[in-house]
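Spelled out, the chains give:
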Amino acid sequence: DYFIVYSTEGTADEIAVIAVKDAADVSEAASTLHAHVDDRLKLFQQYGPDQASRVEKAEIFTKYQYAVLLICDDSDAVKTAFEDFLSSNN
């Protein structure tokens, strides 16, 4: 399963979560997010250079069976909220 939300206003803001059945596969899911960030960076370097630096600061992390991508202004707060949510539901 996956969840993705992104800006339709031309900014680089994006949050994606991939949930895998087997936690052993989470690193592969994270690899796909890294490839996605590379593609987004190329796109913004061409069409939105002011946003490219935001993509360069993308954060990708894994927790349990989840691979997460954050491109947002306060990724630390989003990451903390996500981890707190997971901790309270496990």
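Check the entry above for the structure.
Predicted, not measured: the structure shown is a model, and the values here were computed from it.

Chemist: I keep staring at the pairing of strand β3 (residues 59-63) and nothing clicks. Help me out?
Modeler: Sheet faces and side chains relate simply in a regular strand, where the side chains alternate between the two faces. Relative to strand β4 (residues 66-71), β3 runs antiparallel, the two being bridged by five bridges. Within β4, the position partnered with isoleucine 60 by the bridge is leucine 69. In sequence, β3 turns back onto β4 through a hairpin of two residues, with tyrosine 64 there showing a positive phi of about 55 degrees.

Chemist: Whenever I open this one, helix α1 (residues 26-47) confuses me. Can you help?
Modeler: Because an α-helix packs 3.6 residues into every turn, residues spaced three or four apart end up facing the same way. The end-to-end C-alpha separation of α1 is 31 Å, in line with the 32 Å expected for 22 residues at 1.5 Å each. By the burial criterion, the buried members of α1 are Val26, Ala29, Ala30, Leu33, Val37, Arg40, Leu41 and Phe44. Buried residues along α1 cover an arc of 130 degrees about the axis, so they all sit on one side. Set apart from the buried face of α1 by more than 90 degrees, the exposed residues are Glu28, Asp39, Lys42 and Gln46. In this structure, the buried residues of α1 make contact with β2 (14-19), α2 (49-56), β3 and β4.

Chemist: It is not clear to me how the side chain of arginine 54 should be interpreted in this structure. Could you clarify?
Modeler: Within the element layout of this structure, arginine 54 appears in helix α2. Accessibility expressed as a relative area gives 18% for arginine 54, which makes it buried. A polar side-chain atom of arginine 54 sits 2.9 Å from a polar atom in the side chain of aspartate 73. If near-sequence neighbours (up to four positions away) are discounted, arginine 54 is found in contact with Thr11, Ala12, Asp13, Ile71, Cys72 and Asp73.

Chemist: Hey, could you run me through the pattern of salt bridges in this one?
Modeler: Pairing between side chains of opposite charge can happen when the charged atoms of each approach one another. Enumeration according to the criterion identifies four salt bridges in this entry. One salt bridge in this structure joins arginine 54 and aspartate 13, with 2.6 Å as the shortest N-O distance. Pair noted here: arginine 54 is in helix α2 and aspartate 13 is in the loop between β1 (2-6) and β2, with a separation of 41 residues, a long-range link. With relative accessibility at 26%, the residue aspartate 13 sits in the partly exposed group. Residue glutamate 59 is joined to lysine 79 by a salt bridge in which the shortest nitrogen-to-oxygen separation is 3.2 Å.

Chemist: Can you help me understand the side chain of arginine 40 in this one?
Modeler: With respect to the secondary-structure elements, arginine 40 resides in helix α1. The class of arginine 40 is buried, set by a relative accessible area of 18%.

Parameters and conventions
- Residue indices follow the written sequence of each chain, beginning from 1 at its first position.
- Residues qualify for local features only when their pLDDT is at least 70, as the model is predicted, and side-chain atom pairs are given and counted only at 80 or more; totals for whole chains, interfaces and linings, by contrast, use all residues.
- To get the side-chain values, all heavy atoms of the structure are used, and hydrogens and water are removed first.
- Note on pairing: DSSP must find at least two bridges between two strands before they are called paired.
- Starting at the N terminus, helices and strands are each numbered in turn, a helix being any DSSP run of H or I of at least four residues and a strand any DSSP run of E of at least two.
- Expected helix span is computed as 1.5 Å times (number of residues minus one).
- Any residue under 20% of the maximum accessible area for its type is buried, any over 50% is exposed, and the rest in between are partly exposed; the area is computed with a 1.4 Å probe on protein chains only.
- This arc is built from the directions going out from the helix axis to the C-beta atoms.
- Should any heavy atoms of two residues lie within 4.5 Å, those residues are considered in contact.
- Here a polar contact is recorded for every N or O atom pair within 3.5 Å, except that within protein the pair must consist of a potential hydrogen donor and a potential acceptor, and residues adjacent in sequence are included only if both atoms are side-chain atoms.
- Throughout this description, the term salt bridge denotes a Lys or Arg side-chain nitrogen within 4 Å of a carboxyl oxygen of Asp or Glu.

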